[in-house]
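As a plain string of letters, each chain reads:
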Amino acid sequence: MAKRKYDYKRRRALNIVWDVSGDYRCDPDFLSFTPEHHEPNLYLNAIIGLTYKYYDMKLLKQLFDELATSSMADLFSDLLWLGMEGVVYQKELPHRPVLAYLRRQQALNYFNGPLSIRHGVAQEMQAARWHEVLGEKPKLFDPWAKGLYQGLTFDPNWTTQQICDHFRALTKKYFVSRFLVRESLEKVIIGKNLGKFLSFLVPQFKKLNESDLNFQVRKRDADDVIAGKEAHDGLMALLTGETAVKNYQYIVTCFGSSIYSSSQMLDIERTYCTGPHEGCHLHFTRGRLGSKGATGEASRWLVNAAKQRARNLNYYKENSEAYRKSIARLVAQLRTALQQTYMKLPVPAKTGELVPSLIWRGLYLDDERVFYGKEMQYTPDFTVDIMLDGSASRGEYQRVIAAQAYVIAEALRQCGIPYQIYSFCTIRGYTVMTVYQTYREKKKSLSVFNYCTTGWNRDGLALRGARQLMGDLSSSKKILMMLTDASPNDDRPLRDSGNILRTHEYKDARAIADTAAEAASLRRDGVRIIGLINDEISGGLAEAEKIFGKDLVRVKKIDKMAEGVGKALCHQISTF
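Residues numbered from 1 in each chain as written. Predicted model: local features only at pLDDT ≥ 70, side-chain atom pairs only at ≥ 80, totals over all residues. Heavy atoms only, no water.

A. Local environment of the sheet that holds strand β7 (residues 382-389). What the seven strands build is an open sheet, ordered β3-β9-β8-β7-β10-β13-β14; its pairing is mixed. Both outer strands of the open sheet, β3 (281-285) and β14 (552-555), are each paired with one neighbouring strand and no more. On average, adjacent strands in this sheet sit at an angle of 20° to one another, irrespective of strand direction. Note: β7 against strand β10 (residues 477-483), seven bridges, orientation parallel. Opposite D385, over in β10, you have L480 as the bridge partner. Seen against the sheet, helix α22 (residues 508-524) touches β10 and β13 (527-534) and runs at an angle of roughly 140° to β13. (Pairing = 2+ DSSP bridges. Helix = DSSP H or I, 4+ residues; strand = E, 2+ residues; numbered from the N terminus. Axes fitted to C-alpha atoms, helices over the stretch in contact; angles between N-to-C directions. Contact = heavy atoms within 4.5 Å.)

Encoded structure:
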């Protein structure tokens, strides 16, 4: 994938959140910077990290999303964070005594900074909090303000759900009937659309809407853009009912929600849905099981997907002996190839080469391991991605493809090779990448039996999606195995790179050329690509060779598949 384009200040803020939360995968919607110099705020970013550490962020995100629909979204967000500050501080202080110092510094900085001269409910509550931190009285005189401030003291024993319920009740009690007089008229009178228009005319206007706590909300508008609410629907879309909003809802209902936040998806689409794929969308998901809550066409698709999973599993069980042998053969081949990746590493031992710098351990710690021994260590320095074509053209072979993918995945797992597996299909303008397993997961890849085909296959955009899922291409060597019929086809047009107004059908030679170009781009970045073509497809391999070149395996019989895949993988491993 392309590296996320963070400036160094944002990266520093993220590092604080990650270090404190202990979760290096979290992608917070909130970060905090000092108002004067826009430097990362150590204490408040630590509070964000602690919130991730102690509470269910899915529930809190739902609450923040609810608050975002309010005319006083910024105020409510500030108040909720103020409550979270108090409660996570209490929970973490016994483990990090330095928090007391940081909190006091935050209070001093607040009163010495520009935020203290602002007016409003949020500032009133903040000032009260920081006065208390400095050992002073909160200086609240209005019973209404006292009550609200008291309500922002969350019990450390509350669950995330209890905190959410309490805050909803709090806002209902203190704002529903009084916000017209408590909040600035600006936030009440200026609606969302008018605010956007003013932001367009006067860019500085948006700064006025920034959070008083200076927690920067990363483009709340991203939700609307991704959901299609900002898109222009043509006459045909209105007539057919396939508007941008309906299409997005259909995709989420059928395939599950995105694994990326809206702001992340905006960045991804701006990076990859360009050039020949202008106007198309990507959707990354872990899939969805069950049809609860779905209606109409989406419900039928989900019911069929559940039946297909059962058919996939039954087929595998009926042929389990053949597949078990395939796994065993593939494992044997891979282990042979991996012998060259084993290396001897020096480790502390009781015999071997004496290490003078370790002698003190023997004298003072009675540790006899003052020698360096040699231990065989397996150091896989590459990963494997398995990408399955999930378009309707593969419908007849779903059970076989799912079983083949499982065989490859299970062999990789038994050999300790990091891998991930996903499928792609294109429907209603979205190329959906369904992730069954990621590099970090070590369990058996049984989720690959959820594989179910539908729609088209825009292979060129799918390869761009694979680039995103593979992550930093410079961090490790990559092998991408693509199970496909090498026949890309989509109902959305292919944009002409020389004239953006001219379009072509995405099929045949142009689609092949686009896919081959994306594959070549990945190769230039160091990715090894292997094409796996089922023997069931009609025709020759000429088109597939344009995409995969010589790195192509035609799987003629299932009992021979392991040999073909193993040979191709071993070749790639040996030539790294």
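Now, onward.
B. Quick look at the nonpolar core. In terms of nonpolar packing, the biggest core is built from 56 residues, with M84, M125, L148, F167 and F175 touching the most fellow members. Per element, the largest residue contribution to this core is ten residues, and it comes from helix α4 (residues 73-92). Residue contacts for M84: discarding those within four places in its chain leaves T51, Y55, L60, Y89, F154 and I163. One finds I251, L266, L469 and A516 within the second-largest nonpolar core, a separate group that totals 54 residues. (Core = buried A, V, L, I, M, F, W, Y, C linked by side-chain atoms within 4.5 Å. Buried < 20%, exposed > 50% of the residue type's maximum accessible area, 1.4 Å probe, protein only.)

C. Representation of helix α1 (residues 8-21) in the model. For α1, spanning 14 residues, the distance from its first C-alpha to its last is 20 Å, which sits close to the expected 20 Å at 1.5 Å a residue. Every buried residue of α1 is listed here: K9, R10, A13, L14, I16, V17, W18, V20 and S21. At the exit of α1 stands G22, carrying a positive phi of roughly 75°. (Expected span 1.5 Å × (residues − 1).)

D. Region of the structure containing unusual backbone geometry. The phi angle at R428 is positive, at roughly 55°, despite the residue not being glycine. Since its relative accessible area comes to 15%, R428 is described here as buried. For D508, which is not glycine, the phi torsion reads 50° and is therefore positive. Mapped onto the elements, D508 comes out in helix α22. On the basis of relative accessible area, D508 is assigned to the exposed category, the value being 55%.

E. Structural context of the layout of surface pockets. Taken as a whole, the second largest pocket holds about 640 Å³ of empty space. Broken down by secondary-structure element, the contributors of at least two residues to the lining of the second largest pocket are α13 (221-226), α14 (235-240), α15 (244-255) and α16 (262-272). Of all the elements, α14 adds the most residues to the lining of the second largest pocket, at three residues. When its residues are assigned to classes, the lining of the second largest pocket shows nine nonpolar, nine polar and eight charged. (1 Å grid on protein atoms, 1.4 Å probe; cavity = no way out; pocket = protein on both sides within 12 Å on 5 of 7 lines; lining within 4 Å. Points joined across faces, edges and corners; volume = space filled by probe spheres on them. Nonpolar A, V, L, I, M, F, W, Y, C, P; charged D, E, K, R; others polar.)

Fair warning: the whole summary comes from geometry, so function is off the table for now.
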